[in-house]
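If you want the building blocks of each chain, they are given just below.
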Amino acid sequence: MPPLDDAWWRDAVIYQVYPRSFADSDGDGMGDLPGITSHLGDLRELGVDAVWLSPFYPSPQNDAGYDVSDYRAVDPRFGTLADADELIAGAHAQGMKFIVDLVPNHTSDEHAWFQEALGAAPGSAARNRYIFRDGKGEHGDEPPNSWQSVFGGSAWERVTEPDGTPGQWYLHLFDVTQPDLDWGNSDVRAEFVSVLKFWLDRGVDGFRVDVAHGLVKEQNLTDWTQAGPVLGGLDVGPPPPMWDQDGVHEIYQQWRSVLDTYPGGRILVAEAWVQPAERLARYVRPDEMHQAFNFAYLDASWSADPQRKVIDESLAANDAVGATTTWVLSNHDVVRHTSRLGYPVGEARMHGIGIDDPQPDTALGLRRARAATLQMLALPGSAYLYQGEELGLPEHTRIPDEFRQDPAWFRSGHTERGRDGCRVPIPWEADAPSYGFGPSDSSWLPQPPEWAEYALDRQRGVPGSTYEMYRAALRLRHEHRLGANALTWVDTPADVLAFRSDDVLVLTNFGSAPAELPLGARVLLSSAPLDDGRIPTDVTVWAAV
Ligand code: NOJ
């Protein structure tokens, strides 16, 4: 058995910080590492166990930092390596673990390796680190296969050879500035082991692995004629040739063996849009990663049956490999759950919302989101929170299109609004410039006028506020060890979902009429006030029994 502390992640609550939008220390409108360090005390007060930081490495920022040009440094927009050291040490001093993002599927086109590849000949060692191929057709002017970029358009781009002639094509599953690495190449494998060690030696407690299901492509790059992959989408059917290939697993086994040589329980968490649950659970087998985000849960419809089904299936698949389940409702790639849940139940999830789209019902969305969060935080396993959800922040659904930065908006020919709406700098103080995001008025995406009412200083100490609900939930979750207990379903009328976690009963009412609490149950926390002792629609209650 590893020392107890090494298993910290099994039931940890991990808070995602999106560095561009958390806190700006110098007033340039872009969040930065010193800004995060200055708010670590607030995260401690909230009661999370760990922080995951989205990429802060040097990057042209064509995909908000998921286009990395140097894996061992800090982008000057965010600070310096010394600032990163201070942040890691600061989190540890507050008793929190600290996880960084690793982006191994692709580099930026500004990465030294890709620049070298562009200047090198077809078939050279430099080109072989990426996926370069000759084009099809008599003049090689058609892409090597039919794959589509996740952000829209072809997944191939033709280069001009050093002699000025039209040349080979390279694969980019995401933006044209994000060339895919070839994970069959030994330089690539060795480089990422070295990058892991670089950050482990600096004291990080783990890595969130970007596009973990994408590193290995089917060998023949077989055409894939079905609709292109969708960001944040779960395809049904057998894995397409670019996703979830069996070969990814030996990479993670190797990384695991590296992490296991470090003390303190260093972890890997997979961002893998993979279904069904059994396929996803392969990423968290005992010799691979520790966690994999459960996106099927995030996607589940807001009603009792689908919720119970996804919880059951997730727990069963993870139990079968000895892993805990990792729950999540929001992140920087999806419409915030406060807004997703403000649409009629069963409506397809949108990839971004614009001013001329049907707008969510904000009050309904927040009510359901609070209920969803209380359900999630009582489930066995680990849970991830996305910055701002503790304030009940909705998606910014009215960003004027000229401010949009998400490559998905541009590559989809302006048909997908994309992810900017969940990435707006968060409000700390109602009456300060940029709502306390930074010392100036500037913010890289506009903040909506109603942000003031969500500011932390308007909610701190206010009974019933979303912030105080999250704090109370995290405190009670620890006290009652909700993340560590097993779940037992309790029989209830249809439309009410109820389970026990040791001495705590968790009930969510998805129905249209108020539901009764069992006799003698003592309410510990509820996502909205009860109605004459009964649980109203779209409310979750934790009760001691
Ligand atoms: C998933 C990341 O979460 C997303 O933000 C990014 O655009 C893609 N991977 C590509 O790195």
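Please refer to the structure placed before this passage.
What you see is a predicted model; the values in this text were computed from it and never measured.

Caption draft 1: Representation of the overall build of the protein chain within the structure. Looking only at helices and strands, one finds 15 helices and 16 strands in the protein chain. Its C-alpha atoms give the protein chain a radius of gyration of 23 Å, near enough to 24 Å, the size a compact globule of 545 residues would have. Seen along its three principal axes, the alpha-carbon backbone of the protein chain occupies a region of about 80 × 50 × 50 Å. Counting every position in the protein chain, which comprises 545 residues, the buried fraction comes to 62%. For the protein chain, the proportion of contacts with a sequence separation of at least 24, taken over those separated by at least 6, is 68%.

Caption draft 2: Representation of the sheet that holds strand 5 (residues 156-160) in the model. Read from one edge of the open sheet, three strands run 4-6-5, paired in antiparallel fashion. Of all the strands in the sheet, just strand 4 (132-133) and strand 5 have a single pairing partner and so form its edges.

Caption draft 3: Main features of empty space enclosed by the protein. Overall, the coordinates contain four cavities of 30 Å³ or more when judged by the stated rule. What the second largest cavity holds in volume is close to 90 Å³. Lining the second largest cavity are 13 residues, with Asp-333, His-351, Gly-352, Gly-418 and Arg-419 positioned closest to its centre. Of the residues contributing to the lining of the second largest cavity, the split by class is five nonpolar, three polar and five charged.

Caption draft 4: Structural view of the layout of surface pockets. Roughly 1,200 Å³ of internal volume is contained in the largest pocket. Lining of the largest pocket is provided by 46 residues; of these, Ala-7, Trp-8, Trp-9, Arg-10 and Asp-11 occupy positions nearest its centre. Elements represented by at least two residues in the lining of the largest pocket include exactly helix 7 (248-259), helix 10 (304-320) and helix 15 (466-479). Tallying contributions element by element places helix 10 first for the lining of the largest pocket, with three residues. For the lining of the largest pocket, the class distribution of residues is 21 nonpolar, 11 polar and 14 charged. Forming the boundary of the second largest pocket are 46 residues, of which Ala-296, Leu-298, Asp-299, Ala-300 and Ser-301 lie nearest the centre. The set of elements that each furnish at least two residues to the lining of the second largest pocket consists of helix 8 (277-281), helix 9 (295-299), helix 10, helix 11 (337-340) and helix 12 (362-378).

Caption draft 5: Seen up close, the packing of helix 6 (residues 186-201) against helix 7. Direction vectors running N to C along helix 6 and helix 7 enclose 35°, while the axes themselves pass 11 Å from each other. You can see that helix 6 and helix 7 cross each other, and the crossing is right-handed. On helix 7, the residues touching Arg-189, Phe-192, Val-193, Leu-196, Lys-197 and Leu-200 of helix 6 are Glu-250, Ile-251, Gln-254, Trp-255, Val-258 and Leu-259. Per-class residue counts for the contact of helix 6 with helix 7 are eight nonpolar, one polar and three charged.

Cut-off values and rules
- Residues numbered from 1 in each chain as written.
- Predicted model: local features only at pLDDT ≥ 70, side-chain atom pairs only at ≥ 80, totals over all residues.
- Heavy atoms only, no water.
- Helix = DSSP H or I, 4+ residues; strand = E, 2+ residues; numbered from the N terminus.
- Rg over C-alpha atoms; globule rule 2.2 N^0.38 Å.
- Buried < 20%, exposed > 50% of the residue type's maximum accessible area, 1.4 Å probe, protein only.
- Contact = heavy atoms within 4.5 Å.
- Pairing = 2+ DSSP bridges.
- 1 Å grid on protein atoms, 1.4 Å probe; cavity = no way out; pocket = protein on both sides within 12 Å on 5 of 7 lines; lining within 4 Å.
- Points joined across faces, edges and corners; volume = space filled by probe spheres on them.
- Nonpolar A, V, L, I, M, F, W, Y, C, P; charged D, E, K, R; others polar.
- Axes fitted to C-alpha atoms, helices over the stretch in contact; angles between N-to-C directions.
- Left-handed = near helix turned anticlockwise from the far one by under 90°.

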